[in-house]
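# Architecture and fold: a report
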Amino acid sequence: HPLTTKLKSFSWAPLGGKLRYSDNVGSYVVDVTQGKPSAQVEVDDGATVWAPNGYQLAGVTSGDLALTTLRGDEASLELLTTVHQVSDTLPALDAGYISFNKSGSKLTFSGQLAEDESFTGYTLALKPSPGVPVPVPSDAPDDAETSCRSWSPAGKLLLCLYNNAAGNQWFVVD
């Protein structure tokens, strides 16, 4: 069951019934529960992080945080928050540190939301509808940048890191 000859990246949905992949043309999701791929559903190239339910993907779209929701053979894109671009060479949002909690009701991301703020970790409630990003509480020094990396398996704790000229410090937030 061929998909493409120019595979760039792929990821399985958490429940294994869907496959997201990118090739030289674009990014797509296919349902593979019937043993062969369904029709391709085109998704934004930045939609790379699967929600636990397998029907949503979060990612960076034009430098901002967005959520893609899959419904049958269509995908809808919802902008969650706008991020301030620090410079042409530094990302305002780090796509590598976007993650959902176990229930998919929250996600964490790291970025700079305003020009006068530092790069920091945030949580964002998604249910019942997307809320406002909340900075992750920490005892980080004022000159530190904070990023949050991963939810605990139960989805209640968050592993984060702050760094500054003095070095790095890992911490857990509940």
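Moving on to the state of the cysteines. All chains considered together, the criterion is met by one disulfide. Between the sulfur of C148 and that of C160 lies a disulfide, 2.4 Å long from S to S. With the S-S dihedral at roughly 95°, the linkage between C148 and C160 falls on the right-handed side. With C148 in strand β13 (residues 145-151) and C160 in strand β14 (residues 158-164), the pair connects residues that are 12 residues apart, well separated along the chain. For C148, a relative accessible area of 0% puts it in the buried group. Classification of C160 as buried rests on a relative accessible area of 0%.

Let's shift gears to the packing of aromatic side chains. Taken as a whole and assessed by the stated rule, the structure comprises three aromatic pairs. Look at F109 and Y122: their rings are 5.3 Å apart centre to centre, the planes differ by 15°, and that puts the pair in the stacked class. Of this pair, F109 sits in strand β10 (residues 106-111) while Y122 sits in strand β11 (residues 120-125), placing them 13 residues apart in sequence. Take F109 and Y122: they sit in the same class, and that class is buried. On the basis of an interplanar angle of 45° and a centroid distance of 5.9 Å, the ring pair of Y162 and F171 is categorised as tilted. By relative accessible area, which is 15% here, F171 ends up buried.

About the criteria used
Residues numbered from 1 in each chain as written. Predicted model: local features only at pLDDT ≥ 70, side-chain atom pairs only at ≥ 80, totals over all residues. Heavy atoms only, no water. Disulfide = S-S within 2.5 Å. Helix = DSSP H or I, 4+ residues; strand = E, 2+ residues; numbered from the N terminus. Buried < 20%, exposed > 50% of the residue type's maximum accessible area, 1.4 Å probe, protein only. Phe/Tyr/Trp six-rings, centres within 6.5 Å; stacked < 30°, edge-to-face > 60°.

Note that all results are geometric; they support no functional claim without further evidence.
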